[in-house]
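As a plain string of letters, each chain reads:
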Amino acid sequence: MKFPRIAKMGAALAASALVLTGCGGADNGDSGDTAGGDQNWAECTPGSEAKDISGEEADDNKEITIGAFNGWDESFAVSNLLKNKLEDDGYTVEIKAFDAGPGYTAVANGDVDFLVDGWLPLTHADYIEKFGNKLEAQGCWYNNAKLTIAVNEDSKAKTIEDLKSMSGDYGNTIYGIEPGAGLSKAAKQAVEDYELSDMDLKLSSTPAMLAQLKKSTEADKDVAVTLWRPHWAYDAFPVRDLEDPKGVMGKAEVIYSFSSEGFGEQNPKVAQLLKNLVLDDEHLSSLENVMFSEENYGGEEQDKAAREWMDDNKDWVEQWEKGELKGEPNPDA
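Computed from a prediction, not measured in an experiment: that's the story for all the values here. (Residues numbered from 1 in each chain as written. Predicted model: local features only at pLDDT ≥ 70, side-chain atom pairs only at ≥ 80, totals over all residues. Heavy atoms only, no water.)

A. Main features of the overall build of the protein. Helix and strand counts for the protein stand at 13 helices and nine strands. Look at the contacts in the protein between residues 6 or more apart in sequence, and 79% of them connect residues 24 or more apart. Split by element, the accessible area of the protein, about 13,600 Å² in all, is 43% carbon and sulfur. (Helix = DSSP H or I, 4+ residues; strand = E, 2+ residues; numbered from the N terminus. Contact = heavy atoms within 4.5 Å. Areas by Shrake-Rupley, 256 points an atom, 1.4 Å probe, with all protein chains shown as cover.)

So, in structure tokens, the structure goes:
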């Protein structure tokens, strides 16, 4: 729920002419493949390279460092998930926080073993172009990362266009986040393109938007907000996305794991665990809800929070190790 990530992501998604340009790939080779080369990054299906590693011994190298991106909730959620799982298997794991650029640099230079939050084909395309030949793609684990306008799930509107005739049901208001965010720019374009002249796009802050979402859903009142996936609000509140038939909010992106060159050969079990990872919206939003919502851990004690979620989802963890988690193809590929 951090503004800097959304600003960058939204700006990239708005530049739709760049869709489907990228390099390298997780679906087309062994763990030693670098991320350089031509590839349609949007086509990755999570779990497509999965296999059972439940009976395999830990790698000889048991010192693992994971890079996580400041302000990106899913980055720390998945990193702490991996930390707990690897420590259960006898590894020693450290999570280091970076901004995205320094994080990619650290992995490319071998100072960090891997990162789990590579957004493609748009948001991180520049980093893959710059560092791709020094990175190995270790699979994608989520492919529904996108900007949305969302409503309470029991309201009548099904598409953004419906708000034109139903504006009164939603108090003639769409509650947004920070004015300079890319999400806010996309929402402004949606108001214009869908001719929502009766709707006031009320831009303020992410906490204010979430507070209004909480207040309205608890009062059983219709509400419309700008939101994005992945986000813990989808688990914390009864909310759903409005369909976007004009594609104004942009296409879904895919989240990849990238390691330093040679990592897959030196750490085959860890590399395969990354390729086995598949998180759908339900599991990812519930993990983030436990870790980051104010009603739960509020971003504190992240290691403990991830452990609690794993203890409550033991069947999922077992499927992860056995390579039984399977994702769906990206519908926007």
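B. Looking closely at the state of the cysteines. What the rule picks out here adds up to one disulfide. Between the sulfur atoms of Cys-44 and its disulfide mate Cys-140 the distance is 2.1 Å. What sets the handedness of the Cys-44 and Cys-140 disulfide is the S-S torsion sign, and at about -95° it is left-handed. Of this pair, Cys-44 sits in the loop between helix H1 (3-14) and strand S1 (63-69) while Cys-140 sits in strand S4 (residues 135-152), placing them 96 residues apart in sequence. (Disulfide = S-S within 2.5 Å.)

C. Spotlight on helix H10 (residues 268-276). For H10, the tally of buried residues reaches eight of nine residues, placing the bulk of the element in the interior. Inspection of H10 places Lys-269, Val-270, Ala-271, Gln-272, Leu-273, Leu-274, Lys-275 and Asn-276 among the buried residues, and these make up the whole buried set. (Buried < 20%, exposed > 50% of the residue type's maximum accessible area, 1.4 Å probe, protein only.)

D. Looking closely at unusual backbone geometry. Between Leu-120 and the following residue, Pro-121, the backbone shows a cis peptide bond with an omega angle of 15°. For the bond from Arg-229 to Pro-230, the omega torsion is 0°, close enough to zero to count as cis. Counting through the fold element by element, Pro-230 comes out in the loop between strand S7 (224-229) and helix H8 (233-236). Look at Glu-195: it is not a glycine, yet its phi comes out positive at around 55°. Inspection of the secondary structure puts Glu-195 in the loop between helix H6 (182-193) and strand S6 (200-202). The partly exposed category is assigned to Glu-195, whose relative accessible area is 49%.

E. Region of the structure containing the confidence of the model for the protein. Confidence in the prediction of the protein, expressed as mean pLDDT, is 90, and 90% of residues score 70 or more. Below pLDDT 50 for its whole length, residues 1-31 participates in 99 contacts with residues either more than four positions away or in separate chains. (pLDDT = per-residue confidence, 0-100.)

F. Examining the pairing of S7 more closely. Of all the six residues making up S7, six are buried; the element is thus mostly covered by neighbouring parts of the structure. Pairing analysis gives six bridges linking S4 to S7, with the strands arranged antiparallel. By the bridge assignment, Thr-148 is partnered in S7 with Leu-227. (Pairing = 2+ DSSP bridges.)

G. Representation of the packing of aromatic side chains within the structure. Taken as a whole and assessed by the stated rule, the structure comprises 13 aromatic pairs. With a centroid separation of 5.6 Å and an interplanar angle of 75°, the aromatic rings of Phe-69 and Trp-72 are classed as edge-to-face. The exposure class of Trp-72 is buried, given its relative accessible area of 6%. Note on Phe-69 and Tyr-104: the rings are 5.8 Å apart at their centroids and 35° apart in plane angle, and the pair reads as tilted. In this pair, Phe-69 is assigned in strand S1 and Tyr-104 in helix H3 (residues 100-108), connecting sequence segments 35 residues apart. Its relative accessible area of 0% is what places Tyr-104 among the buried residues. These aromatic residues form a ring-pair network of at least three members: Trp-41, Phe-69, Trp-72, Tyr-104, Trp-119, Tyr-127, Tyr-256 and Phe-258. Positioned above the aromatic ring of Tyr-234, the side-chain terminus of Arg-229 is 3.7 Å from the ring centre. (Phe/Tyr/Trp six-rings, centres within 6.5 Å; stacked < 30°, edge-to-face > 60°. Lys NZ or Arg CZ within 6 Å of the ring centre and 35° of its normal.)

H. A look at the packing of helix H11 (residues 281-292) against helix H12 (residues 302-312). Their axes nearest at 9 Å, the elements H11 and H12 cross at an angle of 135°. Judged by the angle between their axes, H11 and H12 are oblique. Along this stretch, H11 crosses H12, giving a crossing that reads as right-handed. Residue-level inspection shows His-283, Ser-286, Leu-287, Val-290, Met-291 and Phe-292 of H11 in contact with H12, the latter providing Gln-302, Ala-305, Ala-306, Glu-308 and Trp-309. (Axes fitted to C-alpha atoms, helices over the stretch in contact; angles between N-to-C directions. Parallel < 35°, antiparallel > 145°, perpendicular 65-115°, else oblique. Left-handed = near helix turned anticlockwise from the far one by under 90°.)

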